[in-house]
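Coordinate analysis (summary)
In case you want the letters, here they are:
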Amino acid sequence: MRFLLTSLCLVLVGCAPYPKKNGFSDLAPVQKEIRNPYFSDMAKDYIYKATVTAFDKSFGGILVVKKLGREHHRIVFTTRMGNTLFDFSLIGETFEVNRIVREMNRKILVNVLKRDFVALTKESLRIEKTYGNGNESLVQVDLLSNKHYYTFVEGKLLKITRVRKGKEKVGFLFSGINDNIAKHIEIVHKNMALRIVLNAI
Amino acid sequence: MFFLMATSVGAQTKMDPARATELRSKVKAQSGSTRTITSDFTQYKHLDFLSSDIESKGKLAFKAPDQIKWEYTVPFAYSVLFKNQKLYINDGGNKSSMDLGGSTIFMQLNRLIAASIRGDMFDEAAFDIDYYTLEGHDLVHFMPKDEQFAEFIKAFHIRFGTAGEVDMLKMIEPSGDYTQIIFSNRSQNQPLSDAIFAH
């Protein structure tokens, strides 16, 4: 009987929404929108040393992000020697491939990168629900037809979590935050062996 | 008059064919006798939409026929070594390698970089070649004929010093964005230990 109850509890927790599973409870929203400030300054060139680990292979390069207008970013990845591997424009959720080397021009890869860069650079997001746990708040937004949870601690955005069927699929972790710049960013995919580590130059 | 002066500053002029032949011979003689090169370099990555170029610095070591090591020191430690058809990377202590046999673009790029460092790129089957003089320097434009390669790099511009040595290399992409590498403190044919090219 005890086993049955334990199993039932586990099943119930397993089915619970992502915030509840992680110990958060409902909060009444105090604002309509949240803001991701990390790629929001048009005057700045955001330049990161990038290490991409995919299926046990690792390669490095430079990731450049530039805000060119409202909801408009240009994202370029080059080798260390400066050769462009891909060059994308994001205008709202419209995604344009300006250039990509043949070796990387695979529909699945381009789609993964598109979704990651939309989540990374999207500045203003409409709040669906808000949850709290101590000094942490978790804000649910809808992005790319998926639930995304934005974790704020003392007003700083520390993580974006893409969730599908109650489970974390992709985590975007921000650290070394100073003056609206995240010095260190990690994008970790849970459903495929892909990890992108960015360190500001 | 002022307008004429303004437009002539920094303008490159076509080199006459006799001088171009002379330059080719000088560079070929120089590259043929090159066994090793060490040099400092400063690299500028230009992307039109950025407020300033991305600058990095490091040291280059070359050993004939085709071992090249680019050791970046600024803004972070990173080295890339081309050796025996392989690309070896040391990213701040994390070592990895890539077999270039499967990547024709990188293999071609490596061959071209080796040739361009020595100044030995005068291959008319592979490039359309134009010769210019710019502010007292000899400047040669190499446009790859291979379509797949031209999608990656539209043109190489190589500037030569008085002895026919390469002092600037510019790789221009189809978009017009480019990487410019300026060499300084070049030393040639000094013995280089194999340890430099070890991974």
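Along each chain, numbering runs from 1 in the same order as the chain's sequence is written. Whichever chain is written first is A, and whichever ligand is written first is 1; the rest continue in order. Predicted model: local features are reported for residues with pLDDT of at least 70 only, side-chain atom pairs are reported and counted for 80 or more only, and whole-chain, interface and lining totals are derived from all residues. In computing side-chain values, all of the structure's heavy atoms are included and hydrogens and water are not.

Quick look at the interface of chain B and chain A
Just so we agree on the cut-off: Note on contacts: a residue pair qualifies if any of its non-hydrogen atoms lie within 4.5 Å across the two residues. By definition, the buried area sums, over both parts, the 1.4 Å-probe accessible area that each loses when the two are put together. The salt bridge definition used is simple: a Lys or Arg side-chain nitrogen within 4 Å of an Asp or Glu carboxyl oxygen. Whenever a nitrogen or oxygen atom comes within 3.5 Å of another N or O atom, the pair is scored as a polar contact, on the condition that within protein one atom can donate a hydrogen and the other can accept it, and that pairs from neighbouring residues in sequence are kept only if both atoms are in side chains. Secondary structure elements are defined from DSSP: runs of H or I of at least 4 residues count as helices, runs of E of at least 2 residues count as strands, and each element is numbered from the N terminus.
Facing 31 residues of chain B, the contacting portion of chain A comprises 26 residues. A buried area of about 2,500 Å², summed over both sides, lies between chain B and chain A, and 59% of it is on carbon and sulfur atoms. Looking at the side of chain B facing chain A, the largest losses of area belong to Phe49, Phe76 and Phe152 of chain B, adding up to 24% of the total buried there. The interface formed by chain B and chain A includes three salt bridges. Applying the counting criterion to the chain B and chain A interface returns 13 residue pairs in polar contact (both at pLDDT 80 or more). Looking at the side of chain B that touches chain A, the elements that each hand over two or more residues are β2 (36-46), β3 (54-63), β4 (67-74), β5 (78-83), α3 (104-118) and α4 (147-152) of chain B.

Points about the nonpolar core
Taken as a class, soluble globular proteins show a tendency for nonpolar side chains to be buried jointly. The test is simple: As used in this record, nonpolar core signifies buried Ala, Val, Leu, Ile, Met, Phe, Trp, Tyr and Cys residues forming a set joined through side-chain atoms within 4.5 Å. A simple rule labels every residue: compare its accessible area, found with a 1.4 Å probe on the protein chains alone, to the largest value its type can have, and call it buried under 20%, exposed over 50%, or partly exposed in between.
Grouped together as the largest cluster of nonpolar side chains are 97 residues, with contacts concentrated most on Tyr150 and Phe174 of chain A together with Trp70 and Phe156 of chain B. Examining the composition of this core, we find that seven residues originate from one element, helix α3 (residues 107-121) of chain A, more than from any other. When sequence neighbours within four positions are dropped, the list of residues in contact with Trp70 of chain B reads Met81 of chain A together with Phe41, Lys59, Leu60, Tyr78, Ser79, Val80, Phe82, Ile113, Ile117, Ile181 and Phe183 of chain B. Residues Tyr18, Phe24, Tyr131 and Tyr149 of chain A belong to the second largest nonpolar core, which totals six residues.

Overview of helix α2 (residues 17-32) of chain B
Along an α-helix, residues three or four apart share an orientation, since each turn contains 3.6 residues. Residue and element names in this part refer to chain B. Going by this rule: Expected helix span is given by 1.5 Å per residue-to-residue step, counting one fewer step than there are residues. An arc is given here, and it is the one of the directions from the helix axis to the C-beta atoms.
Under the 1.5 Å per step criterion, the end-to-end length of α2 is 22 Å for 16 residues, consistent within 8% with the ideal 22 Å. Where α2 is concerned, the buried positions are Ala20, Leu23, Val27, Gln30 and Ser31. Along the long axis of α2, the arc covered by the buried residues comes to 90°, so they all point the same way. Of the residues in α2, the exposed ones pointing more than 90 degrees away from the buried face are Ala18, Glu22, Ala29 and Gly32.

Comments concerning unusual backbone geometry
Put simply, Ala64 of chain B and Pro65 of chain B share a cis peptide bond, and its omega is 5°. Looking at the element boundaries, Pro65 of chain B is found in the loop between β3 and β4. Note that the residue after Val74 of chain B, namely Pro75 of chain B, is joined by a cis bond; omega there is 5°. Looking at the secondary structure, you find Pro75 of chain B in the loop between β4 and β5. The phi dihedral of Lys165 of chain A falls on the positive side, at around 50°, and the residue is not glycine. Inspection of the secondary structure assignment puts Lys165 of chain A in the loop between β12 (156-164) and β13 (167-178). Backbone geometry at Asn185 of chain B places phi at a positive 50°, although glycine is not the residue there.

Considerations on empty space enclosed by the protein
Residue and element names in this part refer to chain A. The following threshold applies: A cavity here means a set of 1 Å grid points, computed over protein atoms only, where a 1.4 Å probe fits but cannot escape. A pocket is an open set with protein on both sides within 12 Å along at least 5 of 7 lines, and lining residues have an atom within 4 Å of a point. Grid points are joined across faces, edges and corners, and a volume is the space filled by probe spheres set on the points. Gly is put with the polar residues, along with every residue not named as nonpolar or charged; the nonpolar set is Ala, Val, Leu, Ile, Met, Phe, Trp, Tyr, Cys and Pro, and the charged set is Asp, Glu, Lys and Arg.
Counted according to the given criterion, the structure contains two cavities of 30 Å³ or more. Taken as a whole, the largest cavity holds about 70 Å³ of empty space. Residue lining of the largest cavity: Glu71, His72, His73, Leu90, Gly92, Val118, Thr121, Lys122 and Glu123, and that is the complete set. Elements with a minimum of two residues in the lining of the largest cavity: β5 (72-78) and α3. Considered as a void within the structure, the second largest cavity measures approximately 60 Å³ in volume. Grouping the constituent residues of the lining of the second largest cavity by class yields two nonpolar, five polar and two charged.

Let's talk about the pairing of strand β7 (residues 94-100) of chain A
Residues and elements named next belong to chain A. Note the cut-off: At least two bridges found by DSSP between two strands is the condition for calling them paired.
Here strand β6 (residues 84-91) pairs with β7 via six bridges, running antiparallel. Considered in β7, the bridge of Ser89 is made with Glu96. Once β6 ends, the chain turns through two residues before running back antiparallel as β7, passing Gly92 with a positive phi of about 60°.

Topic: the confidence of the model for chain B
Residues and elements named next belong to chain B. Put simply, the rule is: The predictor attaches a confidence to each residue, and that confidence, scored 0 to 100, is pLDDT.
For chain B, the average pLDDT comes to 86, and 90% of its residues sit at 70 or higher. Under a pLDDT of 50 for its full length, residues 1-9 has, in the predicted model, zero contacts with residues more than four places off or in other chains. Model confidence for the complex is summarised by a pTM of 0.86, with the ipTM given as 0.83.

Comments concerning the environment of Lys26 of chain B
Residues and elements named next belong to chain B. Relative to the assigned elements, Lys26 resides in helix α2. Once the C-alpha coordinates of Lys26 and Thr162 are considered, the two residues, 136 residues apart in sequence, prove to be 9.5 Å apart. If we skip the residues at most four places from it in the chain, Lys26 touches Asp138, Thr162, Ala163 and Gly164.

Side note on the layout of surface pockets
All names here are of chain B. Each pocket or cavity is described by its volume, and for the second largest pocket that value is around 270 Å³. Lining the second largest pocket are 14 residues, and of these Arg111, Leu112, Asp123, Ala126 and Phe127 lie nearest its centre. The element best represented in the lining of the second largest pocket is α3, accounting for four residues. Among the residues making up the lining of the second largest pocket, the classes are represented as eight nonpolar, one polar and five charged.

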